[in-house]
Amino acid sequence: MCGIIGFTGNINAKEVLLQGLKALEYRGYDSAGISFFTETGLKTIKAVGKVAGLAEKAAMSDDCTKCGIGHTRWATHGGVSEVNCHPHHFGKVTLIHNGIIENYKELQEELASEGKEPVSQTDSEIAAMVIDSYYKADPVSAIKKAVKKLRGAYAFCIMFEDHPGSIYAIRNGSPLVATNTGAGSIIASDMVALIKYSKDYFVLPEHHIAHLTEGSINITDLDHNEIEPDMLHVNWDMAAARKGGYEYFMLKEIHEQPEALRNTISPRIKDGMPDFSEDGIDDSLFADINRIIIAACGTAMHAGLIGKNMIEKLSRVPVSVDIASEFRYQDPVIDEKTLVITISQSGETADTLAALRLAKERGAKTLSIVNVKGSSIARESDYVLYTHAGPEIAVASTKAYTVQLAAMYLVSFRFAYIKEKISGKKTKELIKELEKMPGFVEKMLSCDKAIEPISNKLLKTESLFFIGRGLDYALSCEGSIKLKEISYIHSEAYAAGELKHGTISLITDNVPVIALATQEDVFAKMISNIREVRSRGAKVIMIAGADAQVDASLCDHLITLPPVNDVFAPFGAAIVLQYIAYYTAVARGLNVDQPRNLAKSVTVE
Ligand code: F6R
């Protein structure tokens, strides 16, 4: 969602803020602003639209500054306008905010009774007003009093007019990471804004106040006790957070999948067996479990659908997959023999985090599969299995998805082995196949030449269907979301056998069908389903296994995967689906990396 950055040090802060905002722009990007201390006081520059617009405006003034805060906004309360854009000022307070203040209406009424009115429609300005109302020259005390009144999620960076050179920060839910380097102290909503200055950083603990000055970052809890944060280290660098010659981050990230898979799989294999000892995950976690619930959102939830299929197939333990935003409203049945697995690239998705918290409250054991180190979901889970995809910048998730699949496969193998449902020999055979996936995906990357012309034909399509059975149905869900989010073409994923129970009435010669038929055990049934849509006029793009015997009259385009054991076909089919979405969006002239209305990390419910 919104991107936050604050810097105070001995170099040009305006430049640090603008570069940081550019790096954070992928999180949310309808407007942006910066505030900074100058010799004559605080100055603010705001612009609707991209950070480039803000940078142009900022270049018109030659103010010199060493301390400031900046924000890219993804609107929640109040439309897209300069007045609603952050930073917000009130009295002596200037702040930026990521999150939602749920009781802002109540607080606004209270403030109005004191004759104080906001100028914007944002909940964030109300937070600035509340902090200012407690401010009597002591920033920490004002922040402490104010947060007692605020309900909801927040990450704030705050400057006080009479404390030049200082930035204060506090968070509840929404992420903030920080580091102090030779150049000064820097804080941001994620590592991509910090990586230029340091690979070592810490996550600001919730409900702690950070005071940033040029020389240090001082952290205190709400009782004034000073604490030392746990330092973390990332093993990627600036190059990973840049496009590196690709037209879009999404294409770069599609191409990074072989390496991301290698980095995620290899460290978890010892003597040919899946092994999580380096992750601190003991087999005792799996031993007592008689039920698994997977909770996640969007693409991560789709990885969970594949995980369910694999775990049930191998272990015969029931698995349900829940959309995290629905999970807690279903009053889920959970006990201490339930393992709740949350999956999240960012590790900050508010609904997934809430599902995790509920699972813990009800006594379940929790394991999370997360990409961002030190994120809230990772920290709050009993166990965490990090995927090593590196930073994912494009809004549409690609490499994070395939590494989530890899993590789910590793879990399903170890789990089945511990449950004595598969032998050591069988486990090793499966691992051997999984180890081939980086190479298999590498081969798949060259299918772009076949897919680009197909995507060009989908250009004018208004609606289409993805169909499949079993693993292919789970993949259809992923293919559909990917296409919708970046090409804006309406699509639906359907279990192929379910189509004739109503939805087939929508099939016409203007509604193409992308049919996934990579699984031999249901191949004949898929062929029947394809014939059903074909005879209603649908153009069919079929994705099939290497050995599939496909009658030329059955489809308009056939994409075959290189030879692979069926249960591993999703790794290859995923690449085809990612390319279909990518090239269709490119053909439609859209901004692939930053689709309208979407943000990378959804930290509000
Ligand atoms: C789609 C996409 C989203 C995310 C979802 C969960 O391409 O990226 O559907 O998968 O918002 O995000 P994380 O994985 O960060 O919890």
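Keep in mind the model is a prediction, meaning the values are calculated, not measured. (Residues numbered from 1 in each chain as written. Predicted model: local features only at pLDDT ≥ 70, side-chain atom pairs only at ≥ 80, totals over all residues. Heavy atoms only, no water.)

Our focus in this paragraph is the sheet that holds strand β22 (residues 463-468). Reading across from one edge, β23-β22-β24-β25-β26 is the order of the five strands in this open sheet, with parallel pairing throughout. Here the strands that pair on one side only, and so sit at the sheet edges, are β23 (490-495) and β26 (557-560). Adjacent strand axes in the sheet meet at a mean angle of 15°, parallel and antiparallel pairs treated alike. Pairing geometry for β22 and β23, over six bridges, is parallel. Pairing of G468 across the sheet is with A495, part of β23. (Pairing = 2+ DSSP bridges. Helix = DSSP H or I, 4+ residues; strand = E, 2+ residues; numbered from the N terminus. Axes fitted to C-alpha atoms, helices over the stretch in contact; angles between N-to-C directions.)

Counting buried positions along strand β17 (residues 291-296) yields five of six residues, so the element is predominantly enclosed. In this structure, β17 lies alongside strand β19 (residues 338-344), joined through six bridges in parallel fashion. Each residue of the ladder has a partner; that of A295, found in β19, is T342. Pairing of β17 with strand β18 (residues 319-323), which is carried by five bridges, proceeds in the parallel orientation. If you follow I294 over to β18, its bridge partner there is V321. As a crossover connection, the stretch from β17 through helix α9 (residues 298-315) into β18 is right-handed. (Buried < 20%, exposed > 50% of the residue type's maximum accessible area, 1.4 Å probe, protein only. Right-handed = clockwise from strand over helix to strand, strands pointing away.)

In this structure the tally under the stated criterion is 24 salt bridges. Residue K43 pairs with D63 through a salt bridge whose shortest N-O separation is 2.9 Å. One end of the pair, K43, is in strand β3 (residues 41-48); the other, D63, is in the loop between α2 (51-59) and β4 (67-73), and 20 residues separate them in sequence. With relative accessibility at 28%, the residue K43 sits in the partly exposed group. Measuring nitrogen to oxygen at the nearest pair gives 2.7 Å for the salt bridge that ties D283 to R414. Taken together, the positions of D283 in the loop between β16 (273-274) and α8 (284-287) and R414 in helix α13 (residues 399-418) put the pair 131 residues apart, joining distant regions of the chain. Given the relative accessible area of 27%, D283 is considered partly exposed. Taken together, the shared-partner salt bridges connect E206, R357 and E380 into one network. (Salt bridge = Lys/Arg side-chain N within 4 Å of Asp/Glu carboxyl O.)

Accessible area lost upon the coming together of the parts serves often as the stated size of an interface. According to the domain assignment, the protein consists of domain 1 (3-240), domain 2 (243-435) and domain 3 (446-605). Taken together, the two surfaces of domain 1 and domain 2 that pack against each other cover about 1100 Å², and 52% of this comes from carbon and sulfur. Note that E206 is salt-bridged to R357, the shortest N-O span being 3.8 Å. Connecting domain 1 to domain 2 are three residue pairs in polar contact (both at pLDDT 80 or more). When residues of the side of domain 1 that touches domain 2 are traced back to their parent elements, those giving at least two are β11 (200-203) and β14 (231-233). Here the side of domain 1 that touches domain 2 is built from residues that sort into ten nonpolar, two polar and two charged. (Domains from an automatic or database assignment. Buried area = accessible area lost by both parts, 1.4 Å probe. Polar contact = N/O pair within 3.5 Å; in protein donor to acceptor, adjacent residues only side chain to side chain. Nonpolar A, V, L, I, M, F, W, Y, C, P; charged D, E, K, R; others polar.)

Before going further, it helps to spend a moment on the side chain of S480. Along the chain, S480 turns up in helix α17 (residues 471-487). In this structure S480 comes out as buried when scored by relative accessible area, which is 2%. Those residues in contact with S480, other than ones at most four positions away along the chain, are F466, S491, E492 and A493. (Contact = heavy atoms within 4.5 Å.)

Further remarks concern the site of the ligand. Neighbouring residues of the ligand: 14 residues in total, closest S344, Q345, S346, T349 and E485. One of the side-chain N or O atoms of S344 is found 2.6 Å from an oxygen atom in the ligand. For the ligand, whose unbound accessible area comes to 400 Å², protein coverage reaches 90%. Contributions of two or more residues to the shell around the ligand are made by α9 and α17. Its residues assigned to classes, the shell around the ligand shows five nonpolar, seven polar and two charged. Taken domain by domain, the makeup of the shell around the ligand includes at least three residues from each of domain 2 (243-435) and domain 3 (446-605). (Near = heavy atom within 4 Å. Areas by Shrake-Rupley, 256 points an atom, 1.4 Å probe, with all protein chains shown as cover.)

Attention now goes to unusual backbone geometry. Residues H86 and P87 are joined by a peptide bond in cis, for which omega reads -5°. Mapped onto the elements, P87 comes out in the loop between β4 and β5 (88-90). Residue H207 is not a glycine yet carries a positive backbone phi of 60°. Positionally, H207 belongs in the loop between β11 and β12 (208-212). The exposure class assigned to H207 is partly exposed, which follows from its relative accessible area of 35%. Even without being glycine, D271 reaches a positive phi, approximately 50°.

In a beta sheet, neighbouring strands are held together by backbone hydrogen bonds and run either parallel or antiparallel to one another. Sheet architecture is open: five strands sit in the order β18-β17-β19-β20-β21, paired in parallel fashion. One side of each edge strand has no neighbouring strand; the edge strands of this open sheet are β18 and β21 (383-386). In this sheet, adjacent strand axes meet at a mean angle of 20° when their direction is disregarded. Where β19 and strand β20 (residues 365-370) come together, six bridges link them in parallel fashion. When the sheet's bridge partners are listed, L339 is paired in β20 with K365. Here α9 sits on the sheet and contacts β17, β18 and β19; the angle it forms with β18, its principal contact strand, is near 170°.

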